[in-house]
Amino acid sequence: MLFRSAQASISKDALRGKGETILLVDDEIAVRELTKAILTTHGHNVLTANDGAEAITLCSQNADKIKLVLMDMMMPVMDGATTMKKLNAKHPSLRFVAISGLMKADKFEEEVGLKDVSFLLKPFNAEKLLTTLHRVLSGQTGTIPSLKMAAEPKPAAEIPLR
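What counts, and at which threshold
Position labels on residues start from 1 in each chain and follow its written sequence. Where local features are concerned, this predicted model is filtered to residues with pLDDT of at least 70; where side-chain atom pairs are given and counted, the filter is 80 or more; whole-chain, interface and lining totals use all residues. The basis for every side-chain value is the complete set of non-hydrogen atoms in the structure, without hydrogens or water. Axis definition: a line fitted to C-alpha atoms, over the contacting stretch in the case of helices. Angles run 0 to 180 degrees between N-to-C directions. Strands are runs of DSSP state E lasting at least two residues, helices are runs of H or I lasting at least four, and both sets are numbered from the N terminus onward. If an angle is under 35 degrees, it is roughly parallel; if it is over 145, roughly antiparallel; if it lies from 65 to 115, roughly perpendicular; otherwise it is oblique. By convention, the crossing between two helices is left-handed when the near helix turns anticlockwise from the far helix through less than a right angle, and right-handed when the turn is clockwise. Contacts: residue pairs with any heavy atoms within 4.5 Å of one another. Throughout, the ten residues Ala, Val, Leu, Ile, Met, Phe, Trp, Tyr, Cys and Pro are labelled nonpolar, Asp, Glu, Lys and Arg are labelled charged, and all others, Gly among them, are labelled polar. Should DSSP find at least two bridges between two strands, the strands are regarded as paired. Exposure classes here rest on a 1.4 Å probe applied to the protein chains alone. A residue is buried below 20% of its type maximum, exposed above 50%, and partly exposed in between. When we speak of the arc, we mean the arc of directions from the helix axis to the C-beta atoms. Pairs of N or O atoms are called polar contacts if they sit within 3.5 Å, as long as, within protein, a hydrogen donor faces a hydrogen acceptor (for residues adjacent in sequence, only side-chain-to-side-chain pairs).

## As for the packing of helix H2 (residues 29-41) against helix H6 (residues 126-137)
It is the contact of H2 with H6, at a shortest axis distance of 11 Å, that shows an interaxial angle of 60 degrees. Of the possible angle classes, the one that applies to H2 and H6 is oblique. Crossing of H2 over H6 shows right-handed handedness. Together, Thr35, Ile38 and Leu39 of H2 and Ala126, Leu129, Leu130 and Leu133 of H6 make up the contact between the two elements. Partitioned by chemical class, the residues of the contact of H2 with H6 number six nonpolar, one polar and no charged.

In structure tokens form, the structure reads like this:
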């Protein structure tokens, strides 16, 4: 089976994780648990945080393991942009994927102010999530491919994450 993206087809096997640890940060329990289930089912190890402050603590405790941070942009305690900047200052090799259903894609880059951060618009489905993570983990970073992917229509039969 091939997943279609904005730029290329990627096989289902290529989207399978290789045990990479992902820090998933989202204040919505349902989104966090469903996203975690998708990621673990597809071969990733997942640590979860409810907000930015918890993410910073978890990242400090697991800095040698975490390869990517999947960050909601709108959260209480500490928002995603602030958290990403703090994590990047302490751990410059971390890779980031920002997710939001409220933030406009064109405002994302100016608010975050970091290079090579991909953006995924909520609601997203498993295919878009896994394709975006595959690209970021394989070094194909940057916001433009992810923004194009997020804008693609999703098949009606898929249940989106919010």
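Read on for the rest.
## Examining the sheet that holds strand E3 (residues 21-25)
Read from one edge to the other, the open sheet built from five strands follows the order E4-E3-E5-E6-E7, with strand pairing classed as parallel. A single partner strand is all that each edge strand has here, and the edge strands are strand E4 (45-49) and strand E7 (117-121). Neighbour-to-neighbour, the strand axes of the sheet open up by a mean angle of 20 degrees, direction not taken into account. Bridge analysis of strand E5 (residues 66-72) against strand E6 (residues 95-100) gives five bridges, and the strand direction is parallel. Each residue of the ladder has a partner; that of methionine 71, found in E6, is alanine 98. Where H2 meets the sheet, it contacts E3, E4 and E5, and its direction lies at approximately 165 degrees from that of E4.

## Side note on helix H4 (residues 80-90)
Listed as buried for H4 are Gly80, Ala81, Thr83, Met84 and Leu87. Buried residues of H4 fall within an arc of 160 degrees about the axis and therefore sit on the same side. Looking at H4, the residues exposed on the side facing more than 90 degrees away from the buried face are Ala89 and Lys90. Its side-chain oxygen at 3.4 Å from the backbone nitrogen of alanine 81, aspartate 79 defines the N-terminal cap of H4.

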